[in-house]
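Working through the structure, step by step
Chain by chain, the residues:
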Amino acid sequence: KTLFYSEEYAAAVKELNLFISGTDNDYDRAKARLYLARSYIELEEFSKSVRLLNMKDVRHYFPDEAQFWAEFATARLK
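So, here is what we can say about the structure in this document. Computed from a prediction, not measured in an experiment: that's the story for all the values here.

Moving on to the nonpolar core. By size, the foremost hydrophobic cluster in this structure holds 24 residues, and its most contacted members are Leu16, Leu36, Ile41 and Leu53. Elements that contribute at least two residues to this core include exactly helix 2 (9–22), helix 3 (26–42), helix 4 (46–53) and helix 6 (63–75). Of the residues forming this core, the biggest block, eight residues, is contributed by helix 3. Sequence-distant contacts of Leu36, that is, excluding residues within four places in its chain, are made with Val13, Leu16, Asn17, Ile20 and Leu52.

In structure tokens, the structure reads:
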């Protein structure tokens, strides 16, 4: 999260992927996926973002944010 807010999106992607693979907490994994998706949006990798935002756990724990950002990213797909 710190890297994301520091606008270090490529580094955030690496750290978030490591975190996701190392946690068994569903809520924390979903939150990390949400930040990962947002990082991909900032890196203009919209299809990766949409895939993450449509994951069942992200939709379950963060329905409003997932919907908003999925629509945002989908509108920017080329």
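Don't stop here, the text continues.
Looking now at the pattern of salt bridges. Between side chains of opposite charge, pairing is possible as soon as their charged atoms come close. Summed over all chains, the structure comprises four salt bridges. A salt bridge links Glu42 to Arg38, with the nearest nitrogen and oxygen atoms 3.4 Å apart. Placement of both Glu42 and Arg38 in helix 3 is noted, with a separation of four residues, approximately one turn of the helix. As a salt-bridge pair, Glu45 and Lys48 come within 2.9 Å of each other at their nearest N and O atoms. Given a relative accessible area of 28%, Glu45 falls into the partly exposed group. Judged by its relative accessible area of 36%, Lys48 falls in the partly exposed class.

Analysis parameters
- Residues numbered from 1 in each chain as written.
- Predicted model: local features only at pLDDT ≥ 70, side-chain atom pairs only at ≥ 80, totals over all residues.
- Heavy atoms only, no water.
- Core = buried A, V, L, I, M, F, W, Y, C linked by side-chain atoms within 4.5 Å.
- Buried < 20%, exposed > 50% of the residue type's maximum accessible area, 1.4 Å probe, protein only.
- Helix = DSSP H or I, 4+ residues; strand = E, 2+ residues; numbered from the N terminus.
- Contact = heavy atoms within 4.5 Å.
- Salt bridge = Lys/Arg side-chain N within 4 Å of Asp/Glu carboxyl O.

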